[in-house]
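Per-entry structural report
What follows is each chain in one-letter form.
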Amino acid sequence: ISNEISFKENCNAGQSGTVFCSKPEYIELLRFVGTDVVELTGNHLNDYGYEYLEKTISMYDEEGWKYFGGGMNLGLSKHPSLFDINGNKIAFLGFNQFGPSYDWATKTQAGSAPPDNPFYISEIKRLKDEGYNVIFTFQYEEAYQYSPLAYQIDDFRIMRDAGADIVSGSQAHHPMGLELSREGLICYGLGNLFFDQMYNTEVRQGMIT
């Protein structure tokens, strides 16, 4: 699951415009849906400062959940999340293409993984050589439409062509198209699942993959 925010005591995000957080007790929802791995490419992770993301990651550690696309520092943010389930090897990795820059991890501060195409192309190939099925995710520019943006298609295909079996856009509050080929599956945007955008039907749609 992509959880785009950090937990914060006394959170009252509804009064803060597009500055987001979540009450720590809401982690119960993630428990309820059976979370195993959390995507940390979200561009609102550091809205209240990286200290809250550090605390949030510690909460995930306590739950025994893996995470990817972000981390306690720049190096850790790039690490894939690896699973070997009955001989099926699965690797998750991704980054925050969109920014803003304060959301990105640094050498000393927690954040989402910044864009670095050469690194991730090489990492996908390495994981494929090790026998992993690779799932790559983007936090990308939002578009409230079913059709993906032209440059979004180009960027997502780069990771598919590097060997990713599934490429998925986690940014979309509006579901977007799918592209299936012999090389792999691209989900340009899954739409909302639990995000509180109830003001129209366009953003009350989503897909679970």
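Above this text is the structure in question.
Residues numbered from 1 in each chain as written. Predicted model: local features only at pLDDT ≥ 70, side-chain atom pairs only at ≥ 80, totals over all residues. Heavy atoms only, no water.

1. Comments concerning the overall build of the protein
For the protein, the helix and strand inventory stands at five helices and ten strands. Its C-alpha atoms give the protein a radius of gyration of 16 Å, near enough to 17 Å, the size a compact globule of 209 residues would have. Over its C-alpha atoms, taken along the principal directions, the protein stretches across nearly 50 × 35 × 35 Å. Buried positions account for 46% of the 209 residues belonging to the protein. Averaging the coordinates of the 15 positive side-chain charges in the protein and doing the same for the 28 negative ones gives two points 4 Å apart. (Helix = DSSP H or I, 4+ residues; strand = E, 2+ residues; numbered from the N terminus. Rg over C-alpha atoms; globule rule 2.2 N^0.38 Å. Buried < 20%, exposed > 50% of the residue type's maximum accessible area, 1.4 Å probe, protein only. Lys, Arg positive; Asp, Glu negative; His and termini not counted. Charge placed at Lys NZ, Arg CZ, Asp CG, Glu CD.)

2. A word on the state of the cysteines
Per the counting criterion, the structure on display carries one disulfide. Here Cys11 pairs with Cys21 through a disulfide, and the sulfurs are 2.0 Å apart. Between Cys11 and Cys21, the S-S dihedral sits near 100°, and the bridge is therefore right-handed. Taken together, the residues Cys11 in the segment before helix H1 (27–32) and Cys21 in the segment before H1 connect sequence positions ten residues apart. (Disulfide = S-S within 2.5 Å.)

3. As for the side chain of Lys8
Tracing the backbone shows Lys8 in the segment before H1. It turns out Lys8 is buried and unbridged, and the closest side chain with the opposite charge, Glu9, is 8.8 Å from it. (Salt bridge = Lys/Arg side-chain N within 4 Å of Asp/Glu carboxyl O.)

4. Observations regarding the nonpolar core
Counting residues in each nonpolar core, the largest one holds 23 residues, and the members touching the most others are Val134, Phe136, Phe138 and Met159. Broken down by secondary-structure element, the contributors of at least two residues to this core are strand E5 (88–96), helix H4 (117–129), strand E7 (133–139) and helix H5 (150–162). Ranked by size, the runner-up nonpolar core spans twelve residues in total, among them Leu30, Leu40, Met59 and Trp65. (Core = buried A, V, L, I, M, F, W, Y, C linked by side-chain atoms within 4.5 Å.)

5. Notes on the side chain of Asp103
Along the chain, the position of Asp103 falls in the loop between E5 and strand E6 (111–112). The buried charged residue Asp103 lacks any salt bridge, with Lys78 as its nearest oppositely charged partner at 15 Å. Excluding residues that lie within four positions of it along the chain, Asp103 makes contacts with Gly42, Asn43, His44, Leu45, Asn46, Asn96, Gly111 and Ser112. (Contact = heavy atoms within 4.5 Å.)

6. Quick word on H5
Here H5 is 13 residues long and its end C-alpha atoms lie 19 Å apart, about the 18 Å a rise of 1.5 Å per residue gives. Taken together, the buried residues of H5 touch E5, H4, E7, strand E8 (166–169), strand E9 (178–181) and strand E10 (184–187). Gly163, located one to two residues past H5, shows a positive phi value of around 130°. (Expected span 1.5 Å × (residues − 1).)

7. Digging into the sheet that holds E5
The strand order across the open sheet formed by six strands is E4-E5-E7-E8-E10-E9, and the pairing between neighbours is mixed. This sheet does not close on itself; its edge strands, each paired only once, are strand E4 (81–85) and E9. Within the sheet, the average angular offset between the axes of one strand and its neighbour, ignoring direction, is 10°. Bridge analysis of E4 against E5 gives five bridges, and the strand direction is antiparallel. Within E5, the residue paired with Leu82 across the bridge is Ala91. (Pairing = 2+ DSSP bridges. Axes fitted to C-alpha atoms, helices over the stretch in contact; angles between N-to-C directions.)

8. A word on the pairing of E10
Pairing of E8 with E10 involves three bridges; the strand directions are parallel. Bridging from a neighbouring strand, Ser168 pairs with Cys187 of E10. As paired elements, E9 and E10 share four bridges and run antiparallel to each other. Considered in E10, the bridge of Leu178 is made with Cys187. Where E9 hands over to E10, the hairpin turn is made up of two residues, counted between the paired strands.

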